[in-house]
Amino acid sequence: MASVPRTILVVEDEKEIQDLLAHYLRKEGFTPILATDGEMAISRARKEKPDLVLLDILLPQADGLEVLRTIRSDADISRTPVVMLTAKGDETDRVIGLELGADDYIPKPFSPREVVARIKAILRRSRAGAAEPAPAAFTYHGLRMDVGRHEVSYQGKPVSLTSKEFRILQALLSSAGRVLSREAILAKVWGDDTHVIDRTVDVHIAKLRRKIPFLSKAIATVKDVGYKLREG
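All of these numbers come straight from a predicted model, not from anything done at the bench.

(A) How the structure looks around the sheet that holds strand 12 (residues 226-229). Reading across the sheet, the three strands line up as 10-12-11 and stay open at both edges, with antiparallel pairing between neighbours. A strand with exactly one partner marks an edge of an open sheet, and here the two such strands are strand 10 (179-181) and strand 11 (219-222). Between one strand axis and the next, the sheet turns through 30° on average, direction left out of account. Where strand 11 meets strand 12, four bridges bridge the pair, whose relative direction is antiparallel. What sits directly across from T221, in strand 12, is Y227. Packing of helix 6 (residues 163-174) onto the sheet brings it into contact with strand 10, strand 11 and strand 12, and relative to strand 12 it is tilted by some 60°.

Listed below in structure tokens is the structure:
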């Protein structure tokens, strides 16, 4: 039985760029869904439930960061991988995007082949994550993580985490007492075949500490190396 083509929502208001991305995606067997502004992107994401969203930041109606914020707050599509397209050198938007739960970013100008390769890498990791073995649960000082249900609670109250925050916390809990380098965290969470900077890990750790305040002390920063969840 032939597999169903995976759908990619391409959100880009420059027609030439949108057409170019759609062309390369079709060549690789994907089905592109097109949107030219933020409001259309949100509507199509909710209706079509794409396998991945390729999202430009500078958009009319609602910008890409607002679209990302909306996707991550909608239970039906919150776990959809999102790759941001950003202006070259615009680190502020990249950091904000990562804090909001973007899975990756690609600066403009870009190679369409690289975009397709990055999309394939993210979708491979998504499939691998779906096939992971039996669910596990972790408990740590009032914190509970149910991996199978993808749920986290602290002192009985649910905590809302993005998929990347969840996986970083899972990595720390499963390695309590041991130092995890930034490179190790990147490999565990993003895979070793994507172009993500070390700063990405720091941004997500900071977000975890804000969402679960007792982790501010529980997650120790190991200078020039990475992070460690304190034992006990």
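(B) Geometry of the pairing of strand 6 (residues 137-140). In this structure, strand 6 lies alongside strand 7 (residues 143-146), joined through four bridges in antiparallel fashion. Residue Y140 lies in a different strand from strand 7, and its bridge partner there is L143. Once strand 6 ends, the chain turns through two residues before running back antiparallel as strand 7, passing H141 with a positive phi of about 50°.

(C) Structural view of the packing of helix 6 against helix 7 (residues 182-189). The N-to-C vectors of helix 6 and helix 7 enclose an angle of 125°; their axes lie 10 Å apart at closest approach. Judged on the interaxial angle alone, helix 7 and helix 6 are oblique. Like other packed secondary-structure pairs, helix 6 and helix 7 cross with a definite hand, here right-handed. Residues K164, R167, I168 and A171 of helix 6 form the contact with helix 7, whose participating residues are I185, K188 and V189. Its residues assigned to classes, the contact of helix 6 with helix 7 shows four nonpolar, no polar and three charged.

(D) How the structure looks around the pattern of salt bridges. Counted according to the given criterion, the structure contains 13 salt bridges. R72 is the partner of D103 in a salt bridge, and the nearest nitrogen-oxygen pair spans 2.9 Å. Of this pair, D103 sits in the loop between helix 4 (91-100) and strand 5 (104-108) while R72 sits in helix 3 (residues 64-73), and the two are 31 residues apart along the sequence. In this structure, K164 engages D103 in a salt bridge whose closest nitrogen and oxygen atoms are separated by 2.5 Å. A residue pair is termed long-range when its members are at least 10 positions apart, and K164 in helix 6 and D103 in the loop between helix 4 and strand 5 qualify at 61 residues. Among the residues examined, K164 registers a relative accessible area of 7% and is labelled buried. The buried category is assigned to D103, whose relative accessible area is 4%. Here the residues in one salt-bridge network are E12, D56 and K108, joined through shared partners.

(E) Structural detail: the sheet that holds strand 5. Spatially, 2-1-3-4-5 is the arrangement adopted by the five strands of the open sheet, whose pairing is parallel. What marks the edges here is a single partner per strand, and that holds for strand 2 (31-35) and strand 5. Neighbour-to-neighbour, the strand axes of this sheet turn through a mean angle of 20°, independent of strand direction. Strand direction decides the pairing type here: strand 4 (residues 82-87) and strand 5, joined by five bridges, are parallel. Looking across to strand 5, one finds that V83 is bridged to D104. Lying over the sheet, helix 3 contacts strand 3 (52-56) and strand 4, oriented at roughly 165° with respect to strand 4.

Rules and cut-offs
Residues numbered from 1 in each chain as written. Predicted model: local features only at pLDDT ≥ 70, side-chain atom pairs only at ≥ 80, totals over all residues. Heavy atoms only, no water. Pairing = 2+ DSSP bridges. Helix = DSSP H or I, 4+ residues; strand = E, 2+ residues; numbered from the N terminus. Axes fitted to C-alpha atoms, helices over the stretch in contact; angles between N-to-C directions. Contact = heavy atoms within 4.5 Å. Parallel < 35°, antiparallel > 145°, perpendicular 65-115°, else oblique. Left-handed = near helix turned anticlockwise from the far one by under 90°. Nonpolar A, V, L, I, M, F, W, Y, C, P; charged D, E, K, R; others polar. Salt bridge = Lys/Arg side-chain N within 4 Å of Asp/Glu carboxyl O. Buried < 20%, exposed > 50% of the residue type's maximum accessible area, 1.4 Å probe, protein only.

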